[in-house]
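Coordinates in review
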Amino acid sequence: MWGIPESPEFSSVQRLMNEFHSHATHEQGWLSSYQEIARETGDPLIRFLLGLIVADEERHHELMGRMISKLKDELARTRSTEPSRRAGEKRETAKHLLVSVENFIEAERKGIKEYERLKKESQGLYRDVFALLYTTMIHDAHKHMEILKFLRLKLKDKGFSARKRQT
């Protein structure tokens, strides 16, 4: 900017931020199309299913906005001469969080098994919509487990360990 050479970190963060912004703009167009079709249809099942997609796309759009904001913060920090100060998790709080994460992972595993059972039992009901919905819940539970495993890894990297809470 203004003939001042930028650091490689700045350039890569700026490039990534531009890509995120471009993707978010593109996704906004699809979101608008989903919303339009959902409004126009007279079929309540189609409207319901498209509504699920719209809700997911709105969450994705919000998440992308947060990611862009985080990258903007990173750019500001790269330009700042003041060192970054990150608030550390208190040891007891982190241990409690790790125990909770372990319990959540187990709950998601059990939930997946239950959803799979219910999916099989609901085959053929309501034009297989229930089976479809259970499939999406199974997918979400797998996503939740990946997030929780990431959190567990980050907490363990900080040197925390936990004993599972009995439920």
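As a starting point, this report considers the structure included with it.

Reading the values: rules and limits
- Residues numbered from 1 in each chain as written.
- Predicted model: local features only at pLDDT ≥ 70, side-chain atom pairs only at ≥ 80, totals over all residues.
- Heavy atoms only, no water.
- Helix = DSSP H or I, 4+ residues; strand = E, 2+ residues; numbered from the N terminus.
- Buried < 20%, exposed > 50% of the residue type's maximum accessible area, 1.4 Å probe, protein only.
- Contact = heavy atoms within 4.5 Å.
- Areas by Shrake-Rupley, 256 points an atom, 1.4 Å probe, with all protein chains shown as cover.
- Phe/Tyr/Trp six-rings, centres within 6.5 Å; stacked < 30°, edge-to-face > 60°.
- 1 Å grid on protein atoms, 1.4 Å probe; cavity = no way out; pocket = protein on both sides within 12 Å on 5 of 7 lines; lining within 4 Å.
- Points joined across faces, edges and corners; volume = space filled by probe spheres on them.
- Nonpolar A, V, L, I, M, F, W, Y, C, P; charged D, E, K, R; others polar.
- Core = buried A, V, L, I, M, F, W, Y, C linked by side-chain atoms within 4.5 Å.
- Expected span 1.5 Å × (residues − 1).

Let's shift gears to the overall build of the protein. Across its full length, the protein carries 4 helices and 0 strands. Going from N to C terminus, the protein has its helices and strands arranged as α-α-α-α. Taking all 167 residues of the protein together, 22% fall into the buried category. Summarising the internal contacts of the protein: among those between residues at least 6 apart in sequence, 76% fall at separations of at least 24. Counting every atom, the protein has about 12,500 Å² of accessible surface; 57% of that belongs to carbon and sulfur.

Across all of its chains, the model carries 2 aromatic pairs by this definition. With a centroid separation of 6.1 Å and 40 degrees between ring planes, the pair formed by Tyr 115 and Tyr 134 is classed as tilted. With a gap of 19 residues between them, Tyr 115 in helix H3 (residues 91-121) and Tyr 134 in helix H4 (residues 129-157) connect regions that are remote in the sequence. Residue Tyr 115 is classed as partly exposed on the basis of its relative accessible area, which comes to 27%.

Attention now goes to the layout of surface pockets. Quantified by volume, the largest pocket comes out at close to 340 Å³. What lines the largest pocket is a set of 15 residues, among which Leu 52, Ile 53, Asp 56, Thr 136 and Asp 140 lie closest to the centre. The set of elements that each furnish at least two residues to the lining of the largest pocket consists of helix H2 (44-79) and H4. When residues in the lining of the largest pocket are grouped by element, the largest group, 8 residues, is from H2. Its residues placed into classes, the lining of the largest pocket shows 7 nonpolar, 3 polar and 5 charged. Around the second largest pocket, the lining residues are Arg 59, His 60, Glu 62, Leu 63, Arg 66 and Lys 143. Of all the elements, H2 adds the most residues to the lining of the second largest pocket, at 5 residues.

With that settled, consider unusual backbone geometry. Its identity as a non-glycine residue notwithstanding, Tyr 126 has a phi of 45 degrees, on the positive side. One can find Tyr 126 in the loop between H3 and H4. Overall, Tyr 126 belongs to the partly exposed group, its relative accessible area being 49%. The phi dihedral of Asp 128 falls on the positive side, at around 65 degrees, and the residue is not glycine. Inspection of the secondary structure puts Asp 128 in the loop between H3 and H4.

This next bit is on the nonpolar core. Judged by nonpolar contacts, Ala 94, Leu 98, Val 101, Ile 105, Ile 112, Ile 138, Ala 141, Met 145, Leu 148, Leu 155 and Phe 160 together constitute the single largest core of 11 residues. Counting residues per element, the ones that place at least two in this core are H3 and H4. Residues within four places of Val 101 in sequence aside, it is in contact with Leu 148, Leu 151, Arg 152 and Leu 155. Residues Val 13, Met 17, Met 64 and Leu 75 belong to the second largest nonpolar core, which totals 8 residues.

Our next topic: the environment of Leu 133. Mapped onto the elements of the fold, Leu 133 is located in helix H4. Classification of Leu 133 as buried rests on a relative accessible area of 16%. Sequence separation between Leu 133 and Leu 49 is 84 residues, and the spatial gap between their C-alpha atoms is 9.1 Å. Apart from the residues within four sequence positions on either side, Leu 133 is in contact with Phe 48, Leu 49 and Leu 52.

Further remarks concern H4. Given a rise of 1.5 Å per residue, 29 residues ought to cover 42 Å, and the 42 Å separating the end C-alpha atoms of H4 matches this to within 8%. Those residues of H4 that fall on the buried side of the exposure criterion are Val 129, Ala 131, Leu 133, Ile 138, Ala 141, Met 145, Leu 148, Arg 152 and Leu 155. The positive-phi residue at the C-terminal boundary of H4 is Gly 159, with phi of around 90 degrees.

We now examine the environment of Val 101. Note on placement: Val 101 falls in helix H3. The class for Val 101 is buried, based on a relative accessible area of 1%.

Such coordinate-based values are descriptive only and should not be taken to indicate function.
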